[in-house]
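# Residue-level structure breakdown
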Amino acid sequence: MDKEQVAEILIEIGILLELKGENPFKTRAYANAARTLETLNEPLEKIVAENRLGDIKGFGEALQKKITELVTTGHMTYYDELKAETPPGLLEMLQIPGVGPKKVKVLHDKLGIKTVAELEAACQAGKVAELAGFGEKTQTKICEGIAFRRTYASRHHLSKAIAAAEPILDTLRGHPDVIRCSSAGSLRRSKEVVGDIDFLVSSKKPSEILEFFVSQPGVINVVAKGDTKATVIITGGIQADLRVVSDAEYPFALAYFTGSKEHNIVMRQRAIQRGLRLNEYGLFKSKEETRDSKLLVPCKTEEEIFQKLDLAYIPPELREDHGEFIAAEQGKLPRLLEWTELRGSLHNHSTWSDGHATLEDIVNYMIELGCDYWAITDHSKSSFQAHGLEPARLREQIKAVKKINQSLADQGSDFRLLTGSEVDILKDRVDFDDDLLAELDVVVASLHAGFSSNEADNTNRLIRAAQNPYVHMLGHITGRLLLEREPYKVNQQAIIDACAETGTWIELNANPYRFDMDWRLWQYAKSKGVKCVINCDAHRNENAGFLRLGAGIARKGWLTKADVINTLPLPELMKALRHKRDSKR
DNA sequence: GCCGTTTTCGGCCCGACTGTTTTCAGTCG
């Protein structure tokens, strides 16, 4: 049992305890432990075997014992019993907006409701409104919440959220009474998937701004509207929150609403350690609750807040309590990659396989966009569903690319198309022979089919591909499709180690459904010296925009310009591409 | 359930909004 599986169980225990009405700090202890596990850089089995779990903060006697039992025997008596006494439908009921653990407990204890379907029936029969603490409105809201969940997913791809948020942000910026405004929350932190969109505005006329916001054409439902805050549902079913504050409060509110929750908790603790109190309204020289401006430690920007807490400025993408505090204290935060530092993409498709643009269209579009190069890596023959290229066809494509490059050179253009292949990783080898791969500028090796349910099999296939001297990088190593398909089972750490040994790069696939490899693993990869390539995996020219999204995810992974291969100018890139095969010779 | 320069008990981040109350609990972020 690996750390991800253990973490999942700990999170579930936390929720189950909440449903039982347990002490909230106890439930949080489980959630905290789960988060800590996910950031570990060595196998949990090893830590358990060497009895070192207690060295990690947040793992006391009880958790050590339970986790050790789980890792060594594959099950945990405490969890099994807890799960057995809680109907599974109760967990699902928590997903309904406005329904939390306390309400679920009452519904279960008083009405015997065990599933979402039973809850909906009880609402329709009017039984829920009769319960103490419930009423007509709560009952209606639950019904609407259930119906909403049926219609819309509650989580959204980053790209969809950005597309929905940017026009609203522009509109808000144009309002004469708006002083400063920004998105906040997980969108600002560039999380791969977001639950809702947060906006923050500073203004002297909050009620007018809120009225303006809820009457926007894209708003299909107003969930809540108070004096400083409104919640709406916008087109596409995404929830959007707006908070309006004074301009003096703005930096504090921006830091607060950007989160993450875990990051904020540490920020508050740091304030307390310094005899201060931090909330969304300010940083106060007081241990008591106050908004007394005489006690305010004035800060005009987020930078100043961090400074007052003895920290370097932490970019939003890093605010996940993933080590940013230690680095910010020691002045060791990296200067993160800027998306404008990317010069092209090394994994893309054309009409030769399953892409929608011709080579000529791609060249014109990418030159217009300001790229220096663009690799054409169409599928290999085994991906017949994607019109994968036979060797002869690939050799034709190489000629076609060379001809285009010759004509670019003749016109005095410095832009170059690179030849390449996204070669399938088959059971025991990659799809093309070495002599053909040797003719290509760029080789991306990816798994597309025949995933085993056996983690070791998948992992070994990827490791063998990394060992091939002609393979520059591994593509989308988990095959996940966010919100649609689970990753195939694979030991990512072992793959990173193999890439470190063989000098193979790992792709950060910038398709917003993939963002694969996950940002949580890049710090480890970086520590092993593994380089990243941010690739569009473009099937249409517009997909070039994925570079910006991918850079946001790379920033979450603490990556700098030096960590990312496709920031290199063309001559250096070509040198880097030749390096692995040369060193094998 | 964890933790300790208030250390073996009593804390644990903090506030807005809603609905059901008639002063507050639950939920959410």
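Predicted, not measured: the structure shown is a model, and the values here were computed from it. (Residues numbered from 1 in each chain as written. Chains lettered and ligands numbered in written order. Predicted model: local features only at pLDDT ≥ 70, side-chain atom pairs only at ≥ 80, totals over all residues. Heavy atoms only, no water.)

Turning next to the pairing of strand S15 (residues 505-509). Summarising burial for S15: 5 of the 5 residues are buried, a large majority. Side chains Trp505, Glu507 and Asn509 of S15 all project onto a buried face; the interleaved residues Ile506 and Leu508 project onto the opposite face, where all are buried too. Pairing analysis gives 2 bridges linking strand S14 (residues 473-474) to S15, with the strands arranged parallel. When the bridges of S15 are listed, Leu474 appears paired with Ile506. With respect to chirality, the unit in which S14 leads through helix H21 (residues 492-502) into the neighbouring parallel S15 is right-handed. (Buried < 20%, exposed > 50% of the residue type's maximum accessible area, 1.4 Å probe, protein only. Helix = DSSP H or I, 4+ residues; strand = E, 2+ residues; numbered from the N terminus. Pairing = 2+ DSSP bridges. Right-handed = clockwise from strand over helix to strand, strands pointing away.)

Moving on: the packing of helix H17 (residues 359-369) against helix H18 (residues 391-410). Put simply, H17 and H18 touch, their axes get as near as 11 Å, and they point 40 degrees apart. By the criterion of interaxial angle, the relationship of H17 to H18 is oblique. As for how H17 packs across H18, the hand of that crossing is right-handed. Between H17, through Leu359, Glu360, Val363 and Ile367, and H18, the contact on the second element is made entirely by Gln397, Ala400, Val401, Ile404 and Leu408. (Axes fitted to C-alpha atoms, helices over the stretch in contact; angles between N-to-C directions. Parallel < 35°, antiparallel > 145°, perpendicular 65-115°, else oblique. Left-handed = near helix turned anticlockwise from the far one by under 90°. Contact = heavy atoms within 4.5 Å.)

As a further point, take H21. Within H21 the residues assigned to the buried category are Gln492, Gln493, Ile495, Ile496, Ala498, Cys499 and Thr502. The positive-phi residue at the C-terminal boundary of H21 is Gly503, with phi of around 70 degrees.

Turning next to the protein's contact with DNA strand B. Every one of the 49 residues lining DNA strand B counts as a neighbour, but Gly58, Gly135, Tyr256, Arg268 and Arg291 are closest to it. The sugar and phosphate moieties of DNA strand B supply 78% of its atoms located within 4 Å of the protein. Contacts to DNA strand B include Tyr256, whose side-chain N or O atom sits 2.4 Å from a base nitrogen. Element by element, the count of residues in the surface near DNA strand B is highest for helix H2 (residues 24-38), at 5 residues. Of the residues in the surface near DNA strand B, the class split is 16 nonpolar, 13 polar and 20 charged. (Near = heavy atom within 4 Å. Polar contact = N/O pair within 3.5 Å; in protein donor to acceptor, adjacent residues only side chain to side chain. Nonpolar A, V, L, I, M, F, W, Y, C, P; charged D, E, K, R; others polar.)

The next point concerns the domain arrangement of chain A. Partitioning chain A into structural domains gives domain 1 (3-152), domain 2 (154-247), domain 3 (259-333) and domain 4 (339-377 + 423-583). Placing a centre on the C-alpha atoms of domain 3 and another on those of domain 4 gives a separation of 37 Å. On the domain 4 side, the residues contacting the 9 residues of domain 3 number 7 residues. Around 680 Å² of area is buried between domain 3 and domain 4 when both sides are counted, 58% of it from carbon and sulfur atoms. When residues of domain 3 are sorted by the area they lose upon contact with domain 4, Glu317, Leu318 and His322 head the list and together hold 73% of the total. Linking domain 3 with domain 4 are 2 salt bridges. (Domains from an automatic or database assignment. Buried area = accessible area lost by both parts, 1.4 Å probe. Salt bridge = Lys/Arg side-chain N within 4 Å of Asp/Glu carboxyl O.)

On to the nonpolar core, then. One finds Ile197, Phe199, Trp374, Leu417, Leu474 and Ile534 to be the most contacted residues of the largest nonpolar core, which totals 95 residues. Among the elements that line this core, the one with the most residues is helix H10 (residues 158-174), at 7 residues. There are two domains that each give this core at least three residues, and those are domain 2 (154-247) and domain 4 (339-377 + 423-583). Counting 25 residues, the second largest nonpolar core, distinct from the first, contains Leu40, Val48, Met76 and Leu82. (Core = buried A, V, L, I, M, F, W, Y, C linked by side-chain atoms within 4.5 Å.)

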